[in-house]
Every structure is written in C-alpha cells, then in structure tokens.
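Each chain is listed here by its residues.
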Amino acid sequence: MTASAVEAAIGMVLLAFPLQVFRRCCCSCYRNHVKRYHSFSSSSACNMDASTIAVVESILNYTFKNKNLLVEALTHSSFSKNTSYERLEFVGDAALGLAVATHFFRLEQQKLNPGQLTDLRKDSVSNPKLARMAAKHGLYRFVRRKNTASLDHDVKKYEEEVKQGDDHPDILADIVESLAGAVYLDVSFDLTGLWKIFGHILEVDEIMLPKDGGDGSSEITGAQDELYGLCGKVDTVTTSFPSKMEASMDPPISYNHVTPTSSPFKSEVSITAVDRILNYSFRNKRLLEEALTHSSYSDSTSYQRLEFVGDAALGLALTNHVFLAYPKLDPGRLSLIRAANLSTEKLARVAIKHSLFQFVRHNDNILEYKVREFAKVVSQEDDPVSYGGSMKAPKILADIVESIAAAVYVDIDFNLTKLWVIFRGLLEPIVTLEHLQQQPQPVTLLFEFCQKQGKHVDIKHWKTELKNIASVYVDGEFVASGSSEQKEIAKLNAARGALHKLSESMPVDVNAFGINGIDGSFEIEGAKQKLHELCGKKKLPTPIYELEKDEGRPHEKKFVSSVKIPTVDGTLYITGDEKSRVKEAENSAASFMIRALQESSYL
C-alpha cells in the first residue's frame, strides 16, 4: 500500500468516528422525541367511553398501547380547545403516502412506471377514496365534535347520492388520516406496522393494476420513441400486468430490481465520490447508478421510479422531524416548514452545494448549460433560499436529491429512521420556523405588494390526475400558475411566478415587505368549518348563512350565499361567488369572510 493510500485510509477512519458518534446521537434524540411525545399524549385525560374505543379498535383490528392517541385522532377542534386531530392528520397523510408508494414500488414482477405508480397512489389515498373508507366503516360516528347531527346528515347524503364521486364531507378523509397518524405514532413510527393495519383498511388488493394497452400500445410506444429521439430517450415500459396485486408490504426485503445496463457505469470514481458525500457505502451499487441516470441517457434505467419513492420518503422524514421538533405548532405552520425544506429551490441548492450533478449520466447539453448557469447564481447568494431567487432552479437538481434519497431508503431495507440519520446532513441547513419568520414567503409578498398597489389578488386551486395547480389572478386577469404534487408548494410556485411577472411591469422591492400578510386563496377548502372554528377561537358569534340567490332550472341551479357575524361594532356581512350547489356557495361566502377578517383588526 502506498503512503498516500495509507494517509487516505487513516483520514477516513478519523472522519468516520465523529460521524458515527453524531449518528448515534441522532438516533438517540429521535427515540427520546418519540418517548417524550408518548409521555405527553398519555398525560391528557381519556374522556372517551371505553366501549367506543373498543369498537374503533375492532374496526382497525389493532389495540392501542396509548389510548389517548386514539382519542385525539377522533376529536374535532370544535369539541376541545386543547386537543384536536389536526396534527395527527398532518402526520397520517404523509405516512399513508409513503406506505402506499413503497407498497407499489416493491411489486418487482410488475416494474410499474412512474406514471402508473402515481395513478395507483392516487387511487389508494385520494380524499374521495379515504372518504369512502370512512363512510363504509362508519368511522364518522365516533368523532367527538359539536353539531354531530349536521355531520350525520352530510354523510347520509354523501352515501346516498355521490358515493362514487368526488363530493364528500372533508372530515371523512381527515378521520382516516388522523387515525393513520395515531397508529403510526403508537407503533413508534414503524411504517411497516402501519401498513399491516391500513393496507387492509384501504383495500389496496381491490385496486386494479394497469391493463394491457391493446392494439394501440405499439403505436403509442413508437410515437414516444420518435419524440424522445428528438428530446431525449426515456425507458420503454411494460404495459401488460396481472389484474390483481399479488404482493404486499411484508417485513423489509433486499431489493435487486435494477436491470443490468448494456455497459458498466462509466466511472467507479463517481459512485465512490457520492458514497463519501453521504458517508454511506451502498450494498447495491446499481441503485446509486440508477439514481444518477437521467432519462436522456440511452439503454439504462433512469431515476424516475426512485424519484417517485424519494419524494414520499423525504416528505415523511421531514414530517416526522417537524412534528417532533414543534410539539405545539399548528398543522398550517408545520406544512410551511416542511414545504420550505422540500421545495425545488431548496433541494436544487442541496444538489449544487454537494456538486451532485457532475455525477449524473445524461445526453442533454441544454440541461447542462442551465445547471451551470444556475450554479453561478447560487454561488452569489448570501443567505439560504427556499423559495424564489433570481433564477428558476432546474428541476433535475431536485430530482437527483430525491432519487438518491430513495436509493438509500431502498438499500437500507426501507428504514426511514436510518434514512433520516444518513440524509439529514446533506439537507443542512434545515429551514426552521424562525428562519421562515425572518424570510417573507412569496404568497405574503404577493398580497402585500398588490394591496399597496390597490389591486385585487385571487389564487384559485384545482387538481389534475397527477398534480395540484394554483393560478394567480390580479384584478381578474391571469398572471401566473404553478404546479406540484403538494398543494402548498403549487401555491408558492404560482405566487413566485406572479411576483416575477409583476416586477417586470411595476416597481417592486420584495425585501421591503414584512411577513404579516394574509394567506392567498379565496376558495378555501373547508372554509365553512374553518370559519366556525375561527369564530370560536376569537369568541365571535356563530356565523349565520342565508341564500341570497336561488335561480335556474333544477339541473342548472345557481346559488349565492351570504354569511353574517354579529359583533359589538355591528354585523359583518359578505356574499360569495355564484355556485351550482348550496354547500359550495356557503363555502365561497365563508372564504370571503375569512379573507375579510384577516384584513381587519378582528384577527
């Protein structure tokens, strides 16, 4: 062995020791956080009837060690000022997302492509699906809340009229997610333990896998080949699968799905370099090879499947982190912290910081040019950037981070705790609540800027099969839109795009604005329920809804609702937009009232 090799080996040993100490400290802190949360939950009084607890446990086929978690999961915010299911719902949503993503990813005999994986996850954990499961098992009957008669009426109507549709009481999906969060915590953040229970509840074995494309499949494949001959090649995917799923999320197994490439990885130096950056040595080197392969690189499996899993894995890892780090923070602000740490801008800067793109196999010169220009911009930044920046981040940079995270997650047998210990250092600095309070958000900046200009802002949301989309309108005119799998990030992307366009046509100093702006969307999901909760917290009278307009033929009805809140200074009154259903009209009025309250001194 040469002298330089000996020096390198000694250096690696010296470096490994403090890192091992750091990892053990991280694991210890994580376990202590879990114990502390369990202890905190157990200290609250369990006021739910024992027979009710037994019935819900029977439905879940699971007996809680900490009954208070179950009580919390079934407590609506209208019932108690101190306890509600909202934080558990925040965790449960992310946990179910990764559990389902992992389940379908591990169907090795099918080798589902990213689009199919996304569709199957949507079919498994979409709000309509979760609502149907809640209604089927009668879970709403056990929720502690005020005005349960109203919920019973909504559910009965839902079951009779639109059981297979998208219209459903929001609380139904919330119940399933909060129960999933409660189970996930009760099994000490064990995702496999959660899936053993909720895989059955979600009836994933009843979901049909993608069917054969038929005679048209070869034509589509040919079109894809011709298109990507111009734009960059993608993997050819199999389109014929069994009609039922044949695998489930059993205890962790080794993963060796990667198809051998036509030639070995160009340089083992790249793999070794990434191992050093992560301070983790892959058992299956092909996983890292796949994670570093762009779809434009011929004859090799690209990172797209891993990216699908990595997105969900990092999402739950960050969810666990912020949930434990901020034990009393509301879900809205928890979501903002998580989104800031998972935004494309943040992850792209992680990739630049660690020079990960240089290890990616691709055949796209334009992509390389964009990354190089972005790296120049980042090198001139003084502070960490989670949103915005003077140049839009190339998405491939965030994709690389997510795909590498998935490669680690798979290589360590789907152990999320180990993934966080290995990957957290790569994501540093972690964006905190204090950091967000010091750095204004795009949505806040947009509203404060337009407010000072005397302009009206509206952010509208809708959802396609694959993504959430947010569009910004200023004085009724479209300005910009953004999309993401996560609603809050879509909204932030749209606001950032709008600020950029508006800054070109009007003078704007975004650094001049504070952080006390209002939140953006007029059409707030579940606004009527949220307004009721808001009035309760602010000790305002219960809102009163009235139909101001009821016109049209039975199948072409148009409704406009108003909402009134009596106060000592007079009655607050506002009307909503015209809608085709009474429920939507009331929600619109509630959305406008929330906006008005945010702009006034009542909040």
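Conventions and cut-offs
Residues numbered from 1 in each chain as written. Predicted model: local features only at pLDDT ≥ 70, side-chain atom pairs only at ≥ 80, totals over all residues. Heavy atoms only, no water. Helix = DSSP H or I, 4+ residues; strand = E, 2+ residues; numbered from the N terminus. Buried < 20%, exposed > 50% of the residue type's maximum accessible area, 1.4 Å probe, protein only. Contact = heavy atoms within 4.5 Å. Areas by Shrake-Rupley, 256 points an atom, 1.4 Å probe, with all protein chains shown as cover. Salt bridge = Lys/Arg side-chain N within 4 Å of Asp/Glu carboxyl O. Phe/Tyr/Trp six-rings, centres within 6.5 Å; stacked < 30°, edge-to-face > 60°. Lys NZ or Arg CZ within 6 Å of the ring centre and 35° of its normal. Pairing = 2+ DSSP bridges. Axes fitted to C-alpha atoms, helices over the stretch in contact; angles between N-to-C directions. Parallel < 35°, antiparallel > 145°, perpendicular 65-115°, else oblique. Left-handed = near helix turned anticlockwise from the far one by under 90°. Core = buried A, V, L, I, M, F, W, Y, C linked by side-chain atoms within 4.5 Å. Expected span 1.5 Å × (residues − 1). Polar contact = N/O pair within 3.5 Å; in protein donor to acceptor, adjacent residues only side chain to side chain. Nonpolar A, V, L, I, M, F, W, Y, C, P; charged D, E, K, R; others polar.

Describe the overall build of the protein chain, with residues and values.
Broken down by element type, the protein chain carries 23 helices and six strands. Sorting the 603 residues of the protein chain into buried and exposed places 50% on the buried side. Once local pairs closer than 6 in sequence are excluded, the contacts in the protein chain between residues at least 24 apart make up 69%. Approximately 29000 Å² of the protein chain is accessible, and the part contributed by carbon and sulfur atoms is 51%.

Residues and numbers for the pattern of salt bridges, please.
Under the counting rule described, the total for this entry stands at 18 salt bridges. Taking the shortest distance from any N to any O, the salt bridge between Asp275 and Lys285 comes out at 3.1 Å. Of the two residues, Asp275 is situated in helix H11 (residues 268-278) and Lys285 in helix H12 (residues 285-291); the sequence distance between them amounts to 10 residues. On the basis of relative accessible area, Lys285 is assigned to the partly exposed category, the value being 32%.

Requested: an account of the packing of aromatic side chains, with residues and values cited.
Each aromatic ring pair is described using two quantities: the centre-to-centre distance and the angle formed by the ring planes. If you walk through the whole model with that rule in mind, you get five aromatic pairs. With a centroid separation of 5.1 Å and 75 degrees between ring planes, the pair formed by Tyr62 and Phe64 is classed as edge-to-face. With a centroid separation of 5.2 Å and 70 degrees between ring planes, the pair formed by Tyr184 and Phe189 is classed as edge-to-face. For the pair shown, Tyr184 and Phe189 are each scored as buried. Above the face of the Phe414 ring, Arg106 is positioned so that its terminal group lies 4.2 Å from the ring centre. Sitting over the face of the ring of Tyr545, Lys528 holds its NZ or CZ atom 4.8 Å from the ring centroid.

Outline the sheet that holds strand S1 (residues 457-463), listing residues and values.
Across a sheet, strands are paired by hydrogen bonds formed along the backbone, either parallel or antiparallel in direction. Strand order in the open sheet formed by three strands is S1-S2-S3, and the pairing between neighbours is antiparallel. Only two strands of the sheet have a single neighbouring strand rather than two, namely S1 and strand S3 (477-484). Going across the sheet, the axis of each strand differs from the next one's by a mean of 20 degrees, ignoring polarity. Bridge count for strand S2 (residues 468-474) against S3 is seven bridges, and the pairing is antiparallel. The residue of S3 that forms the bridge with Tyr473 is Phe478.

Tell me what's going on with unusual backbone geometry, and back it up with residues and numbers.
Here the amide bond leading from Glu428 into Pro429 is cis, since omega sits at 0 degrees, within 30 degrees of zero. Positioned with a positive phi, Ser355 is a non-glycine residue whose angle comes to about 55 degrees. Residue classification places Ser355 among the partly exposed residues on the basis of a relative accessible area of 35%. Not every positive phi belongs to a glycine, and Phe414 is a case in point at roughly 60 degrees. With respect to the helices and strands, Phe414 occurs in the loop between helix H17 (395-411) and helix H18 (416-427).

Give me the packing of helix H8 (residues 170-186) against helix H9 (residues 191-201): which residues, what numbers.
Contact geometry of H8 with H9 gives a least axis separation of 9 Å together with a crossing angle of 135 degrees. Our classification of the angle between H8 and H9 gives oblique. Regarding H8 and H9, the two cross each other, and that crossing is right-handed. Along the contact surface, H8 presents Val176, Leu179, Ala180, Val183 and Tyr184, while H9 presents Leu191, Leu194, Ile197 and Phe198.

I'd like a rundown of the nonpolar core, residues and numbers included.
One finds Tyr184, Phe198, Leu397, Phe423 and Leu427 to be the most contacted residues of the largest nonpolar core, which totals 127 residues. Here Phe423 is in contact with Leu278, Leu314, Val401, Ile404 and Ala405, once residues within four sequence places are set aside. In terms of nonpolar packing, the next biggest core, distinct from the first, is built from 20 residues, Phe449, Cys450, Ile459 and Leu499 among them.

Give me H18: which residues, what numbers.
Over its 12 residues, H18 extends 15 Å from the first C-alpha to the last, a length consistent with the 16 Å expected when each residue adds 1.5 Å. Taken as a whole, H18 has its buried residues at Leu416, Leu419, Trp420, Val421, Ile422, Phe423, Leu426 and Leu427. The N-cap residue of H18 is Asn415: its side-chain oxygen and the backbone nitrogen of Thr417 are 3.1 Å apart.

Which residues make up the packing of helix H13 (residues 304-325) against helix H14 (residues 331-342), and what are the values?
Contact pair H13 / H14: the axes reach a minimum separation of 10 Å and the direction vectors enclose 135 degrees. Accordingly, the angle class assigned to the pair H13 and H14 is oblique. H13 and H14 meet at a crossing whose hand is right-handed. Packed against H13, whose contacting residues are Leu314, Gly315, Leu318, Thr319, Val322 and Phe323, the element H14 presents Leu334, Ile337, Arg338, Asn341 and Leu342 at the interface. Looking at side-chain class alone, the contact of H13 with H14 contains seven nonpolar, three polar and one charged residues.

Go over the environment of Gly92, please, and point to the residues and values.
Note that Gly92 resides in helix H4 (residues 86-105). Each C-alpha atom of the pair Gly92 and Gly181 lies 3.7 Å from the other, and the pair is 89 residues apart in sequence. Not counting chain neighbours up to four residues away, the residues in contact with Gly92 comprise Glu177, Ala180 and Gly181.

Account for the pairing of S2, naming residues and giving values.
Of all the seven residues making up S2, six are buried; the element is thus mostly covered by neighbouring parts of the structure. Relative to S2, S1 is paired through seven bridges, and the arrangement is antiparallel. Bridge pairing in S2 places Lys460 opposite Ser471. Taken together, S2 and the strand that follows it, S3, pair antiparallel across an intervening segment of two residues, in which Asp475 is found at a positive phi of about 55 degrees.

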